[in-house]
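Results of the structural survey
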Amino acid sequence: MRANTFVSPGKTRVERVPDPKILNDQDAIVRITSTAICGSDLHLYNGFIPTVEPGDIFGHEFMGEVVEVGKGTRKVKKGDRVVVAFPIACGSCYQCGRQMYSCCENSNPNAWIAEKLMGHSPAGVFGYSHMMGGFAGGQAEYARVPFADVGTIKVPDGMTDEQVLFLSDIFPTGYMGAEMCDIKPGDVIAVWGCGPVGLFAMASAYLLGAERVIGIDRVEARLRVAREKVKAETINYEEHDVYRTLMEMTGGRGPDSVIDAVGMEAHGSTAMFLVDRVKQGLMLENDRPNVLRDAIMCCRSGGTVSVVGVYSGLIDKFPMGSVMNRSLRIMTGQCHVQRYMKPLLERIRKGEIDPTFLITHRANLDDAPAMYRTFRDKQDECIKVVLKP
Amino acid sequence: MTTTHLSPRPAYPGSRQLPRSRSAIDPEAVSGRGDGGERLAKALGWFSIGLGLASLAAPRGIARLIGARGDHADETILRLVGLQEVACGIGILATRKPTGWLWARVAGDAVHLSLLSGAMASGPEDPNRMAAATAAIAGITVLDAGNALQLGRSRRPARRAASEVIKSVTINRPAEELYRFWRDFRNLPRIMSHLESVEVEGETRSRWTAKAPAGMTVQWDAEITKDVPNQLIGWESVGGRVDTRGSVRFAPAPGGRGTEVHVRMWVDPPGGALGLWFAWLFGESPDQQVSDDLRHFKQVMETGEVVLSSGGFDGTHIAQRPAQPPGSIPAR
Ligand SMILES: [Zn+2]
Ligand SMILES: [Zn+2]
């Protein structure tokens, strides 16, 4: 089959590789019909996530038709059209029992690597480094899906791929980002990052009853989508001081909750950003946390700081004094996608949200390497790329 | 049922003192590393103090030297940098383990680099000189980082091939089930990747076959020394050249969290070629080995199988095969 594989930082190549086979009894093999490039794929692509190796197949947002099932599967059947959740979860451990699927204790065969870096291992993830399991990803013609009964949802007839594809990651991730804010009537929610996850977080904040939603970015095309499609207010941080503007917009209170939908490769315009950039380049810290710092400083006292942007390791100069003295609550996590697939599918079916609004590029799998460049450089107003194998 | 054990040794492996001898794989015994690293560390320490004192005493001169404008803000920054350099320098020279201070130096270098790039962006007085200063500090950063890494490595405690490993895991199943699986030693190769087979040869006696390099195997007999149903199993090797003992204890975890499994294993490697092989097998990371085996135990008991991924077939080796489907299915 053809698959988009990692070559070196800033370079992927579509290669011919062996077709996947059933390795465990609860596996399914899916023939992929749609797959997407995620903002977090760029962290891999840019070389900021440890344990990515040449030849690794990328991609954790995919869907397709089940063509083969292992003898231990009960629910998924050959011929089912399914969307696949990006975290791999066994469904039977303590964490899965609490619906904390992205913390599954059994799905990462390389847990030992993650334990060294993080103390304990999170769940395995498709196409997301060896530390996260060394699973082949979904930017390919076929993928092996372990624990297929737990990690897939069947798509009802009549719904298109593009309507449901984002249930694999970005819609549930944005939704969880908003849900963690525990939104109350009258709440103002500020979201850093108007990329796909940020846009879904904004849309979800409205679905969950927010009074006002404010999106912060520097790319005008993205701010426009936030205004026009999500009805958010926006701040371009290159033109306005974010702290002052937010205080002005909220009568000096600050947003009730803030969402970091950017993560470890944040941009910024302050001196502190430069320091972080240099340290990250020298591998002295893995992550550039300037968005997180700003979000904390802006959040009203007693509010929630919700982090759904991806961080991989260590950060510097974390404003713990602000967090502690002002009773802030930090909520975070890789999305427990399996928990949200069904209710969010229902919301799409009822027409409460149309997730296709952020698709800007459609291409063939063969164009994946070029699309990574377009997406990384935010050329051509690129927000979300969907690939067809 | 409790069996009496045949050997005069206590059944509980932890109750015996570990030998303190250095083994053949002690990294400090085989390499003379550390000497050159310390000399370089000292030199960097003095360099820190010199640069720091100069920055404190004559910030304007230093500013001119690196091609910055030398205005008031630059001076303040240079004084702060000077303080930090002096502190690092003293730290490196004064401590016997300068690794931490060397890393502080690396961090300081990074700050300098970023300050320089900031000054460059805001229009330096002399871009050529500034670029030279940047290059110099970047070079020193590399020295610092290399030095810190080198010292960090050689200061790591020596590994012993003879070792006791204590590991625990919590499994979301009742103790009876876990006990039943473990008590039938024939199940163990399913979860212990270095075992090829275990044959049960009587109520308490079993024959273990482990994988060795180049397709060879090594065998030993083991005797069950303690057996408290649903609570404890202890075993130890008898005769032969392989001296290994272990015990596994099952205890209910609080609040319905399943069962805590506590394992203690002890391996005293024999001499000669076999000893080297044991060093390879257990000495590299016996801790990791047992920890992986317990993870497999948990996977088998909770999900029914050992979870495989394309990149993970080689087990706990840093160099893994790429995360893409294998040409053929590996045996397990
Ligand atoms: Zn994603
Ligand atoms: Zn699980």
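About the thresholds
Residues numbered from 1 in each chain as written. Chains lettered and ligands numbered in written order. Predicted model: local features only at pLDDT ≥ 70, side-chain atom pairs only at ≥ 80, totals over all residues. Heavy atoms only, no water. Domains from an automatic or database assignment. Contact = heavy atoms within 4.5 Å. Buried area = accessible area lost by both parts, 1.4 Å probe. Salt bridge = Lys/Arg side-chain N within 4 Å of Asp/Glu carboxyl O. Polar contact = N/O pair within 3.5 Å; in protein donor to acceptor, adjacent residues only side chain to side chain. Helix = DSSP H or I, 4+ residues; strand = E, 2+ residues; numbered from the N terminus. Axes fitted to C-alpha atoms, helices over the stretch in contact; angles between N-to-C directions. Parallel < 35°, antiparallel > 145°, perpendicular 65-115°, else oblique. Left-handed = near helix turned anticlockwise from the far one by under 90°. Nonpolar A, V, L, I, M, F, W, Y, C, P; charged D, E, K, R; others polar. Buried < 20%, exposed > 50% of the residue type's maximum accessible area, 1.4 Å probe, protein only. Donors = N, O, S within 2.8 Å, 3.2 Å for Na, K, Ca; no water. Tetrahedral: all angles 85-135°; square planar, octahedral: opposite > 155°, others 65-115°.

**Brief notes about the domain arrangement of chain A**
Interface size is commonly expressed as the accessible surface area that is lost when the partners come together. Residue and element names in this part refer to chain A. The domain boundaries assigned to chain A delineate domain 1 (2-168 + 335-387) and domain 2 (171-332). The distance between the C-alpha centroids of domain 1 and domain 2 comes to 25 Å. Taken together, the contact between domain 1 and domain 2 spans 32 residues of the former and 27 residues of the latter. Looking only at domain 1, the three residues that lose the most surface to domain 2 are Phe48, Phe357 and Ile383, adding up to 25% of its buried area. Inspection of the domain 1/domain 2 interface yields 1 salt bridge. If you look at where domain 1 meets domain 2, you find 5 residue pairs in polar contact (both at pLDDT 80 or more). Looking at the side of domain 1 that touches domain 2, the elements with two or more residues in it are α1 (39-45), α3 (111-118) and α13 (337-349). Among the elements that take part in the side of domain 1 that touches domain 2, α13 stands out by supplying 6 residues, more than any other.

**Comments concerning the packing of helix α6 (residues 170-179) of chain A against helix α7 (residues 196-207) of chain A**
All names here are of chain A. Taken N-terminus to C-terminus, the directions of α6 and α7 make an angle of 55°; their axes are 7 Å apart at the nearest point. As the angle between them shows, α6 and α7 are arranged oblique. In the packing of α6 onto α7, the handedness of the crossing is right-handed. Within the contact between the two elements, α6 uses Ile170, Phe171, Thr173, Gly174, Tyr175 and Ala178 and α7 uses Pro196, Val197, Phe200, Ala201, Ser204 and Ala205. A class-by-class count of the residues in the contact of α6 with α7 yields 9 nonpolar, 3 polar and no charged.

**Re the pattern of salt bridges**
For side chains of opposite charge, pairing can occur when their charged atoms come near one another. All names here are of chain A. All chains considered together, the criterion is met by 31 salt bridges over all chains. A salt bridge links arginine 81 to aspartate 161; its shortest N-O distance comes to 2.9 Å. Of this pair, arginine 81 sits in strand β5 (residues 81-84) while aspartate 161 sits in helix α5 (residues 161-164), and the two are 80 residues apart along the sequence.

**Describing the environment of Pro196(A)**
Residue and element names in this part refer to chain A. Relative to the helices and strands, proline 196 resides in helix α7. For proline 196, a relative accessible area of 8% translates into the label buried. Separated by 100 residues in sequence, proline 196 and isoleucine 296 have C-alpha atoms that sit 22 Å apart. Apart from residues no more than four positions distant in its own chain, proline 196 is found in contact with Ile170, Leu358, Ile383 and Lys384.

**Section: the coordination of the zinc ion (ligand 1)**
Residues and elements named next belong to chain A. Protein-derived ligands of the zinc ion (ligand 1) are Cys38 (SG), His60 (NE2), Glu61 (OE) and Asp169 (OD), with the metal-ligand distances lying across 1.8 to 2.2 Å. For the zinc ion (ligand 1), the 4 donor atoms in the first shell make angles of 89 to 134° at the metal, so the coordination geometry reads as tetrahedral. Sequence spacing among the residues donating to the zinc ion (ligand 1) works out to C-x21-H-E-x107-D. On the criterion of sequence distance, the pair formed by cysteine 38 in the loop between β3 (28-37) and α1 and aspartate 169 in the loop between α5 and α6 is long-range, its members being 131 residues apart. Just as cysteine 38 is buried, aspartate 169 falls in that class too.

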